[in-house]
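# Reading the structure
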2 protein chains.
Amino acid sequence: MKRVVIVGGTHGNELSGVYLYRLWQTPPASWKHYPFKIETYLANPGAVKANRRYLDQDLNRSFLNSDLANLELETYEAQRAKVLAREFQGAELLFDLHNTTANMGITLIFSQSDSLNDPLIQQLCLYLVQTHQVKIYNHPVPAETNPYLPSAAQREVTVEVGPLAHGTLNADVFFKTQAMMLDALEIVAQWQSGQAPAQQGDLIVYEHLDNVDYPRTEQGHLAGMVHPGLQDQDFCELKPGDPLFIDFDGKTIAYAGSESVWPVFINEQAYYEKHFAMSLCRKRVIRF
Amino acid sequence: MKRVVIVGGTHGNELSGVYLYRLWQTPPASWKHYPFKIETYLANPGAVKANRRYLDQDLNRSFLNSDLANLELETYEAQRAKVLAREFQGAELLFDLHNTTANMGITLIFSQSDSLNDPLIQQLCLYLVQTHQVKIYNHPVPAETNPYLPSAAQREVTVEVGPLAHGTLNADVFFKTQAMMLDALEIVAQWQSGQAPAQQGDLIVYEHLDNVDYPRTEQGHLAGMVHPGLQDQDFCELKPGDPLFIDFDGKTIAYAGSESVWPVFINEQAYYEKHFAMSLCRKRVIRF
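Residues numbered from 1 in each chain as written. Chains lettered and ligands numbered in written order. Predicted model: local features only at pLDDT ≥ 70, side-chain atom pairs only at ≥ 80, totals over all residues. Heavy atoms only, no water.

Here the focus is the packing of helix α1 (residues 15-23) of chain B against helix α6 (residues 171-192) of chain B. Geometrically, a packed helix pair is captured by the angle between its two axes and the distance between the axes. Residues and elements named next belong to chain B. Across the interface, α1 lies against α6 with an axial gap of 10 Å and an inter-helix angle of 60 degrees. The angle between the axes of α1 and α6 places the two elements in the oblique class. Seen along the crossing, α1 lies across α6 with a hand that is right-handed. Across the interface between the two elements, Ser16, Tyr19, Leu20 and Leu23 from α1 touch Val173, Phe174, Thr177 and Gln178 from α6. Residue classes in the contact of α1 with α6 are distributed as five nonpolar, three polar and no charged. (Axes fitted to C-alpha atoms, helices over the stretch in contact; angles between N-to-C directions. Helix = DSSP H or I, 4+ residues; strand = E, 2+ residues; numbered from the N terminus. Parallel < 35°, antiparallel > 145°, perpendicular 65-115°, else oblique. Left-handed = near helix turned anticlockwise from the far one by under 90°. Contact = heavy atoms within 4.5 Å. Nonpolar A, V, L, I, M, F, W, Y, C, P; charged D, E, K, R; others polar.)

What follows is the structure, given as structure tokens:
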């Protein structure tokens, strides 16, 4: 492994990654001794300047291979995706740093179908779950329909940290993300040198099932909110019949599914426009 | 008093007011018996549609009398301010509903220089402090330089409720705001009918002193964040020497003032662009 890429500012108002990128323009001393080069990128400088998620379209949905090959696409992010995809080409590992308004703690998301079969990713997850209490969210997408930025590298880790209001910095969130990333790079370096102690144990993985929209009026406005009992309860079990939403008159809408699920991205600001109130997961345990 | 105005969506991504406006298009039954008419407005429909604070400029800084009189101003919000100012003309009381990412609870802000000398406002504040734990933030601005939307009515109350990520709804915040507003209107109705019980007691008022910016680099980027010990501590005492900011290397920057202050709007998202990390207040007690 020769190149590890760290990306901040894929969404311009998710500021932990933007300011870690700026901080790391002076690379930490330890990085000099690693057996790979670390490259840092500010993915969407236009959106960062505007302190918005994006200018024209979501950069993190702009990496479909067919879109990268299409020279007629006109948006800012379509150009930026082509620029970045060329830069990332051949990189063996990419970390993409995000924030959520949802109470996700530190969550690692994987979108490539075979990520969790990769021995390095397995070791990294086991270590970070144990030492940084990260959660693992697996949402595999076939390569030809994968629109996410990290899919442009050979191995990808999307890092989500919250809760944090978009467009703000929070010192606890910032330093927690920094510490986790520095440790992650250390593990990758040890693994590369054959010195990583083999982690063992149970890895809890949240497997993506489905997205759920808010209740809506005929005009498309919200007809309800996430139930107060479910707000901030990301990665907690939701049983059939549990409160899911509450309408503006105070009436509870229960979860009508037939089996327990584990919701994530609950009431995430960025997903209002995508019509997701939350994503539902199944819980799976992988034993190593 | 003949007309009471309630405004939501002055900032398009502060959703409690937007959805209370929508809910109240079917007026609560009690409103029919009040000795005044209640009018509701969605202040910035363009920004609401875009789920952004504003399209071209902050609508809540667009009500300078000289700007309202200037027909050459070109922005969307300059037009909207003129439209709304005409609608509000002659209204005796206006409530403007906002949200904050800062941990402000329910805060009532007054910008007219004589608001707190008004017997109705006094009674309203005493009642709402006791029953809804609201905070009173007084930030008087001379009438000729007052740019705020509520200044277009005879009496004004800006209602801020947080913490809430902009662009999201939270059921607890929504219902807390609704309950406070319904009680406030009831008190106004009783006062108007001469039936309001005279509230007595001490009213704690936070008097605006100054705004404080984040530490910044030469390029204008942030050089630090609100200190974790101060984050979410709105309306708490900050003493000389207490931690104020923390830089990205973890070094604390202390508050260098010579007297205690009470910060508000701590780390408010909407004020990053205005270069305010927080506003500092003095605490004053008015005895009634």
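Still more to cover.
Let us now look at the sheet that holds strand β2 (residues 37-42) of chain B. Residues and elements named next belong to chain B. Strand order in the open sheet formed by nine strands is β2-β1-β3-β6-β4-β5-β7-β12-β11, with mixed pairing between adjacent strands. Strands at the two margins of the open sheet, each flanked by one partner only, are β2 and β11 (262-264). Adjacent strand axes in the sheet meet at a mean angle of 30 degrees, parallel and antiparallel pairs treated alike. The pairing of strand β3 (residues 93-99) with strand β6 (residues 156-162) spans six bridges and is classified as parallel. (Pairing = 2+ DSSP bridges.)

Take the environment of A:Tyr21 next. Within the element layout of this structure, A:Tyr21 appears in helix α1 (residues 15-23). A:Tyr21 has contacts with A:Thr40, A:Tyr41 and A:Leu42, leaving out every residue within four places of it along the chain.

Attention now moves to the relation of the copies chain A and chain B. Once chain A has been moved 0.0 Å along the axis and rotated by 180 degrees, it coincides with chain B to within an RMSD of 0.0 Å. Considering both components of the superposition, the chain copies are consistent with a two-fold axis. It is A:Ala165 whose C-alpha, among those of chain A, lies nearest the rotation axis, at 2.4 Å. A symmetric contact is evident, with 100% of the interface residues of chain A recurring at the interface of chain B. (Least-squares fit on C-alpha atoms with pLDDT ≥ 70 in both.)

Tracing the backbone through its elements, the reader meets B:Val129 in helix α5 (residues 119-132). Not counting residues within four places of it along the chain, the set of residues in contact with B:Val129 comprises B:Val134, B:Ile136 and B:Leu203.

Looking now at the packing of aromatic side chains. If you walk through the whole model with that rule in mind, you get 24 aromatic pairs over all chains. Ring centres 4.9 Å apart and planes at 40 degrees place the aromatic pair B:Tyr214 and B:Tyr272 in the tilted group. Residue B:Tyr214 is located in the loop between β7 (202-212) and β8 (224-226), and its partner B:Tyr272 is located in the loop between β11 and β12 (278-287); the two are separated by 58 residues in the primary sequence. Its relative accessible area of 10% is what places B:Tyr272 among the buried residues. Taken together, the ring pairs in this structure connect A:Tyr19, A:Phe174, A:Phe175 and B:Phe248 into an aromatic cluster. In this structure, B:Lys135 packs its charged tip against the face of B:Phe235, placed 5.6 Å from the ring centre. (Phe/Tyr/Trp six-rings, centres within 6.5 Å; stacked < 30°, edge-to-face > 60°. Buried < 20%, exposed > 50% of the residue type's maximum accessible area, 1.4 Å probe, protein only. Lys NZ or Arg CZ within 6 Å of the ring centre and 35° of its normal.)

It is worth spelling out the pattern of salt bridges at this point. A side chain of one charge can pair with a side chain of the opposite charge when the charged atoms of the two come close. Counted according to the given criterion, the structure contains 23 salt bridges over all chains. Between A:Glu39 and A:Lys37 there is a salt bridge, with the nearest N and O atoms lying 3.4 Å from each other. A:Glu39 gets classed as buried once you look at its relative accessible area, which sits at 9%. Here B:Asp118 makes a salt bridge to B:Arg155, at a shortest N to O gap of 2.8 Å. Taken together, the residues B:Asp118 in the loop between β4 (105-110) and α5 and B:Arg155 in the loop between β5 (135-138) and β6 connect sequence positions 37 residues apart. (Salt bridge = Lys/Arg side-chain N within 4 Å of Asp/Glu carboxyl O.)

If you look at the biggest cluster of nonpolar residues, it comprises 67 residues, and the most contacted ones within it are A:Phe95, A:Leu108, A:Ile136, A:Val159, A:Leu169, A:Met180 and B:Met278. The element that contributes the greatest number of residues to this core is helix α6 (residues 171-192) of chain A, accounting for ten residues. Not counting chain neighbours up to four residues away, the residues in contact with A:Ile136 comprise A:Leu108, A:Phe110, A:Leu116, A:Cys125, A:Val129, A:Leu203, A:Ile204, A:Val205 and A:Tyr206. Counting residues in hydrophobic clusters, the runner-up holds 65 residues, among them A:Tyr214, A:Val261, B:Val159 and B:Phe174. (Core = buried A, V, L, I, M, F, W, Y, C linked by side-chain atoms within 4.5 Å.)

With 31 residues of chain A in contact, the opposing surface of chain B contributes 31 residues. Buried area between chain A and chain B, summed over both chains or domains, comes out near 2,500 Å², and the portion from carbon and sulfur atoms is 66%. Broken down residue by residue, the surface that chain A buries against chain B is led by A:Leu169, A:Met225 and A:Phe248, which jointly contribute 22%. If you look at where chain A meets chain B, you find zero salt bridges. Among the secondary structure elements, those contributing two or more residues to the side of chain A that touches chain B are α1, α6, β8 (224-226) and β9 (243-247) of chain A. (Buried area = accessible area lost by both parts, 1.4 Å probe.)

Here we come to the packing of helix α5 (residues 119-132) of chain A against α6(A). Residues and elements named next belong to chain A. At a closest axis distance of 10 Å, the pairing of α5 and α6 adopts a crossing angle of 140 degrees. Classified by the angle between their axes, α5 and α6 sit oblique to one another. Both α5 and α6 take part in a crossing whose hand is right-handed. Judged by residue contacts, Pro119, Leu120, Gln123, Leu124, Tyr127, Leu128 and His132 of α5 engage Ala179, Met180, Asp183, Ala184, Ile187, Val188 and Trp191 from α6. Grouping the amino acids of the contact of α5 with α6 by side-chain chemistry returns eleven nonpolar, two polar and one charged.

It is worth spelling out the sheet that holds strand β5 (residues 135-138) of chain A at this point. Residues and elements named next belong to chain A. Spatially, nine strands are ordered β2-β1-β3-β6-β4-β5-β7-β12-β11 in an open sheet, and the strand pairing comes out mixed. Lying at the two open borders of the sheet, with one neighbouring strand each, are β2 (37-42) and β11 (262-264). Ignoring which end each strand starts from, the neighbouring axes of this sheet average 30 degrees apart. Taken together, the four bridges between strand β4 (residues 105-110) and β5 define a ladder with parallel strand orientation. For isoleucine 109, the partnering residue across the bridge sits in β5 and is tyrosine 137.

To continue, consider the pairing of strand β3 (residues 93-99) of chain A. All names here are of chain A. Among the seven residues that make up β3, seven are buried, leaving the element largely enclosed by the rest of the structure. Two strands pair when backbone bridges link them, and strand β1 (residues 3-8) and β3 are joined in this way by four bridges, in the parallel orientation. Each residue of the ladder has a partner; that of valine 7, found in β3, is aspartate 96.

Residues and elements named next belong to chain B. In this model helix α4 (residues 76-88) runs 18 Å from its N-terminal to its C-terminal C-alpha over 13 residues, within 8% of the 18 Å that 1.5 Å per residue would give. Taken residue by residue, α4 has Glu77, Ala78, Ala81, Lys82, Leu84, Ala85 and Phe88 as its buried positions. Turning to α4, the residues buried within the fold contact β1 (3-8), β2, α3 (65-68) and β3. Two residues or fewer after α4 comes glycine 90, characterised by a positive phi angle close to 90 degrees. (Expected span 1.5 Å × (residues − 1).)

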